[in-house]
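# Coordinates in review
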Amino acid sequence: MRGAITRLLITIFLFLATLPPLRQSWAAGVALVPLLLWIKKENPFWKNFLFGLLVGAFYYSFGLYWIIYYNLWTYLIVLLCHLPFLGLFLGFTGLILKRWPENILANFLVPPVVWAGLSFIYEQTSLGGAGTQALFYQPIVWMQVCRYVGISGFVLLFVLLNSSLALAIRFRTIRGFVPLVLTGALFAGVFLFGRNAMADRFPTAKPVALIQHNFPVDPYWWVKNQHNIAKQYRALALEATKQKPSLIIFPSYRLPF
């Protein structure tokens with residue numbers, strides 16, 4: 001029992017470390033390892049589900065806190081919708097691996113397959129896949145590969161990394177380290193590709209204007225001031241054109257039309 005609590009606390013810490021103010025994005029590469037090591041043949045579905053649910057409760061409670069500034073009820077609804085994800089991930093992964101508990105290939109591939117399946121279901125809803133992807137956001141050099149595999153493909157690379165690390169720790173054999181070596185080589189290629197892609201520059205810098213209005217997030221204020229919002233957007237856009245930008249970017253906000 002003590003070992004289970006220790007793994008739970010380590011997992012929670014690693015998940016929270018990826019969030020502000022720590023922003024230790026590297027922790028995503030090992031955050032799922034304690035969860036995957038928790039899976040045992042004798043664990044029932046509900047036990048794995050509860051373990052993942054507890055981790056998700058901490059991560060999503062802090063990771064989605066910014067929604068409170070818009071609306072408390074929206075925060076609670078989104079939180080409740082995302083809470084089951086890690087529980088379902090761990091529950092179904094454990095359920096499938098009960099058939100192949102010692103199969104290295106299954107232990108390597110089942111976690112990303114289950115993650116991909118659950119993410120696909122979430123992406124069909126109005127929630128999108130934000131809650132299943134944000135954990136794995138990395139510095140931009142790593143994410144250049146998303147132009148070809150998409151953010152979902154990039155996320156699966158990190159789930160593979162977690163499962164290969166868990167395999168190496170659990171089996172401690174040459175066969176157990178093979179997936180980690182393969183995943184390491186894959187990540188080296190992703191980094192080299194990203195660094196090369198980041199080296200591509202435009203011949204000349206193109207000025208971009210970013211509009212910052214500092215409007216309140218209160219929806220009642222927004223409803224009462226739609227005319228003023230449009231007027232301020234127009235004034236700021238005209239002010240920005242004096243610098244002759246090639247692009248004007250408006251922040252995400254409730255527009256009146």
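Residues numbered from 1 in each chain as written. Predicted model: local features only at pLDDT ≥ 70, side-chain atom pairs only at ≥ 80, totals over all residues. Heavy atoms only, no water.

## Some thoughts on the environment of Phe51
Structurally, Phe51 is set in helix H3 (residues 45-63). Looking at Phe51, the relative accessible area reads 6%, which means it is buried. Here Phe51 is in contact with Ala4, Arg7, Leu8, Leu35, Trp38 and Leu90, once residues within four sequence places are set aside. (Helix = DSSP H or I, 4+ residues; strand = E, 2+ residues; numbered from the N terminus. Buried < 20%, exposed > 50% of the residue type's maximum accessible area, 1.4 Å probe, protein only. Contact = heavy atoms within 4.5 Å.)

## Some points on unusual backbone geometry
Across the junction of Pro20 and Pro21, the peptide omega takes the value 5 degrees, indicating a cis bond. By secondary structure assignment, the location of Pro21 is in the loop between helix H1 (2-17) and helix H2 (33-38). In this structure, Arg23 is a non-glycine residue whose phi angle is positive, near 55 degrees. The backbone of Arg172 shows a phi angle near 50 degrees, a positive value even though the residue is not glycine. Locating Arg172 in the fold gives a position in the loop between helix H8 (146-171) and helix H9 (174-198). Overall, Arg172 belongs to the exposed group, its relative accessible area being 66%.

## Looking at helix H6 (residues 104-123)
The end-to-end C-alpha distance of H6 is 29 Å, a good match for the 28 Å that 20 residues give at a rise of 1.5 Å each. Approximately 30 degrees is the largest bend angle found in H6, and it occurs at Val110, with the proline Pro111 only one to four residues beyond. Listed in full, the buried residues belonging to H6 are Ile104, Ala106, Asn107, Phe108, Val110, Pro111, Pro112, Val114, Trp115, Leu118, Ser119 and Tyr122. (Expected span 1.5 Å × (residues − 1). Bend = angle between axes of the 7 residues up to and from the residue.)

## Examining the side chain of Asn162
Inspection of the secondary structure puts Asn162 in helix H8. From its side chain, Asn162 meets the backbone oxygen of Ala28 in a polar contact 3.0 Å long. Within the structure, the side chain of Asn162 is placed 2.8 Å from the backbone nitrogen of Leu32, a separation counted as a polar contact. Excluding residues that lie within four positions of it along the chain, Asn162 makes contacts with Ala28, Gly29, Val30, Ala31, Leu32, Val33, Leu36 and Phe136. (Polar contact = N/O pair within 3.5 Å; in protein donor to acceptor, adjacent residues only side chain to side chain.)

## A look at a nonpolar patch on the surface
Together, Tyr65, Trp66, Ile68, Tyr69, Tyr70, Leu72, Trp73, Leu76 and Val217 give the surface a local cluster of nonpolar side chains, amounting to about 960 Å² of exposed area. Mapped onto the fold, Tyr65 is located in the loop between H3 and helix H4 (72-82). Residue class for Tyr65 comes out partly exposed when judged on its relative accessible area of 45%. (Patch = residues over 30% accessible without salt bridge, like charges linked within 9 Å, V, L, I, M, F, W, Y side chains within 5 Å. Areas by Shrake-Rupley, 256 points an atom, 1.4 Å probe, with all protein chains shown as cover. Salt bridge = Lys/Arg side-chain N within 4 Å of Asp/Glu carboxyl O.)

## As for the environment of Pro216
The residue Pro216 is located in the loop between strand S1 (208-210) and helix H10 (219-224) in this model. Sequence separation between Pro216 and Val30 is 186 residues, and the spatial gap between their C-alpha atoms is 38 Å.

## Examining the packing of aromatic side chains
Scanning the model with the defined rule gives 18 aromatic pairs in all. On the numbers, 5.1 Å between centres and 70 degrees between planes, the contact of Tyr59 with Tyr60 is edge-to-face. Both residues of the pair, Tyr59 and Tyr60, count as buried. Considering the side-chain rings of Phe158 and Phe187, the 5.0 Å spacing of their centres and the 85 degrees angle between planes classify their relative orientation as edge-to-face. Here Phe158 is found in helix H8, whereas its partner Phe187 is found in helix H9, with 29 residues between them in sequence. Pair check on accessibility: Phe158 and Phe187 agree, each one buried. Ring pairs connect the aromatic residues Phe85, Phe89, Trp115, Tyr122, Phe136, Trp142, Phe154, Phe158, Phe187 and Phe191, which therefore count as one cluster. (Phe/Tyr/Trp six-rings, centres within 6.5 Å; stacked < 30°, edge-to-face > 60°.)

## Structural notes on the nonpolar core
Counting residues in each nonpolar core, the largest one holds 50 residues, and the members touching the most others are Phe15, Leu32, Trp115 and Phe136. Those elements giving two or more residues to this core turn out to be H1, H2, H3, H4, helix H5 (84-97), H6, H8 and H9. At eight residues, the largest contribution of residues to this core is made by H8. Not counting chain neighbours up to four residues away, the residues in contact with Trp115 comprise Leu32, Phe85, Leu86, Phe89, Thr132, Phe136, Val155, Leu156 and Val159. By size, the runner-up hydrophobic cluster in this structure holds five residues, among which are Ile104, Phe108, Leu167 and Phe171. (Core = buried A, V, L, I, M, F, W, Y, C linked by side-chain atoms within 4.5 Å.)

## Some points on the packing of H3 against H5
Contact geometry of H3 with H5 gives a least axis separation of 6 Å together with a crossing angle of 150 degrees. On the basis of the axis angle, H3 is roughly antiparallel to H5. In this structure, H3 crosses over H5, and the sense of that crossing is right-handed. Between H3 and H5, the residues in contact are Phe45, Asn48, Phe49, Phe51, Gly52, Leu53, Val55, Gly56 and Tyr60 and Pro84, Phe85, Leu86, Gly87, Leu88, Leu90, Gly91, Phe92, Gly94 and Leu95, respectively. (Axes fitted to C-alpha atoms, helices over the stretch in contact; angles between N-to-C directions. Parallel < 35°, antiparallel > 145°, perpendicular 65-115°, else oblique. Left-handed = near helix turned anticlockwise from the far one by under 90°.)

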